[in-house]
Every structure is written in structure tokens, then in C-alpha cells.
Amino acid sequence: MKHARPDGIDPSARSRARRRALQAVYAWQLSGSTMNKVLEQFRDEQDMEIADLEYFEDLLRGLEAHKAQVDEALAPYIDRPLEQVDPIERGVLRLAVYELLHRLDVPYRVIINEAIEIAKRFGSEHGHTYINGVLDRGAQSWRAAEARGGTRRG
């Protein structure tokens, strides 16, 4: 793994895990299936060998477990009810907010940048600017010390 860091994390594998997680969350949001069912389908249908499978599963299981908290945290920073946000952007926002709230080992700027890149790839033409604005404002509250330049975690 030429891109692995000293802590063993491969940023490219994490990026792929986030992209796959968005696809799974999109399916989960639209199908109404349980996350276990979606995970089962993705294990069968997707080539997960090139992604960080542990991170992928943490994102999905964590989002499912904390969906109410994530949605509540998002509400003050969006301009309409969450269910009216485009399903791709909604999925990107939910995953990123889960990470911002629960994956304190990942710097907030990494999470926001990854969310923007995923939105550019899968979302609407200007969806990434919406994602950027929501997450940037939210991070000022959710990761206040880090956003102010305080101690960096991880």
C-alpha cells in the first residue's frame, strides 16, 4: 500500500469506502430496507476488496444507529425539510454528519472535502456547493475547537 500512512490507514481505501457507503445509503433511503439487508446486498454485488470494508460498515451501521441524532443535528443548517433534499445530497450529508459527530479520529476538513468530492461525482451539478455550505456551518458547532484551530484529534 504505497499510500498508507504510518498509522496504517489507506486514504484511497477510505475514499472508496465513503463512495460505496453513499451508494448503500442511497439504496437504504429509497428502499426502506434494513441496513443489514443493504449490507448483505453490497457484500454480494460490490467489489469491496479495494475499499476499507471496516470503515464502510462503521459508516453504515453508525448512521443507522444514530440517524435521529444526525438528522436533528442537520436540521438547523438546511433550508428545507431533510426529506425534500435530493436523495444523493441527503445521503452525503448524513454520512458526513455521522463522521463529524462520531469519528473524531478523522479531521473535520478531511470529512468535508471527501463529502464535496463525492457530491461532485454523484450529485447534481451544484449539489457540492450546498454540501459545502451546510457542512462548513455545521462543523463550526459540531467541531468548534477543531474549527477554531484548537487541538487536532487523530
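Residues numbered from 1 in each chain as written. Predicted model: local features only at pLDDT ≥ 70, side-chain atom pairs only at ≥ 80, totals over all residues. Heavy atoms only, no water.

We now examine the packing of aromatic side chains. All chains considered together, the criterion is met by 1 aromatic pair. One Lys or Arg, Arg80, reaches over the ring of Tyr130 and ends 4.9 Å from the middle of that ring. (Phe/Tyr/Trp six-rings, centres within 6.5 Å; stacked < 30°, edge-to-face > 60°. Lys NZ or Arg CZ within 6 Å of the ring centre and 35° of its normal.)

So, on to helix H3 (residues 53-65). Helix length check: H3 (13 residues) gives 18 Å between terminal C-alpha atoms against 18 Å at 1.5 Å per residue, within 8%. The set of residues buried in H3 consists of Tyr55, Phe56, Glu57, Leu59, Leu60, Gly62 and Leu63. (Helix = DSSP H or I, 4+ residues; strand = E, 2+ residues; numbered from the N terminus. Expected span 1.5 Å × (residues − 1). Buried < 20%, exposed > 50% of the residue type's maximum accessible area, 1.4 Å probe, protein only.)

Next up on the list: the nonpolar core. Formed by 46 residues in total, the largest nonpolar core has its most connected members in Phe56, Leu60, Ile78, Leu93 and Leu135. At 8 residues, helix H5 (residues 87-102) tops the list of elements feeding residues into this core. (Core = buried A, V, L, I, M, F, W, Y, C linked by side-chain atoms within 4.5 Å.)

A few words now on the packing of H5 against helix H6 (residues 108-122). Remark: H5 packs on H6, axes separated minimally by 10 Å, with the N-to-C direction vectors making an angle of 165°. Taken together, the axes of H5 and H6 are roughly antiparallel relative to one another. In this structure, the crossing between H5 and H6 has a hand that is right-handed. Between H5 and H6, the contacting residues are Ile88, Val92, Ala96, Glu99 and Leu100 on the first element and Tyr108, Ile111, Ala115, Ile118, Ala119 and Phe122 on the second. Residue composition of the contact of H5 with H6, by class: 10 nonpolar, no polar and 1 charged. (Axes fitted to C-alpha atoms, helices over the stretch in contact; angles between N-to-C directions. Parallel < 35°, antiparallel > 145°, perpendicular 65-115°, else oblique. Left-handed = near helix turned anticlockwise from the far one by under 90°. Contact = heavy atoms within 4.5 Å. Nonpolar A, V, L, I, M, F, W, Y, C, P; charged D, E, K, R; others polar.)

Turning next to the side chain of Arg103. Here Arg103 shows up in the loop between H5 and H6. Taking relative accessible area as the criterion, Arg103 reaches 15% and is therefore assigned buried. Within the structure, the side chain of Arg103 is placed 3.0 Å from the side chain of Asp58, a separation counted as a polar contact. Apart from residues lying up to four places away in sequence, Arg103 is in contact with Arg14, Tyr55, Asp58, Tyr98, Ile111 and Arg143. (Polar contact = N/O pair within 3.5 Å; in protein donor to acceptor, adjacent residues only side chain to side chain.)

What follows deals with helix H4 (residues 67-74). Of all the positions in H4, only Val70, Asp71, Ala73 and Leu74 are classed as buried. For H4, the arc enclosing every buried residue in end-on projection is 160°, short of the 170-degree limit, so these residues lie on one face. When the buried face of H4 is taken as reference, the exposed residues oriented beyond 90 degrees from it are Ala68 and Glu72. Buried positions along H4 lie against H3, H5 and helix H7 (127-142). (Arc of directions from axis to C-beta.)

This paragraph deals with the pattern of salt bridges. For the coordinates displayed, the defined rule picks out 13 salt bridges. Ionic pairing is found between Asp58 and Arg103, a salt bridge with its closest N-O pair at 3.0 Å. Pair noted here: Asp58 is in helix H3 and Arg103 is in the loop between H5 and H6, with a separation of 45 residues, a long-range link. Residue Asp58 is classed as partly exposed on the basis of its relative accessible area, which comes to 25%. A salt bridge links Lys67 to Asp71; the shortest N-O distance between them is 3.4 Å. (Salt bridge = Lys/Arg side-chain N within 4 Å of Asp/Glu carboxyl O.)

By themselves these figures say nothing about function.
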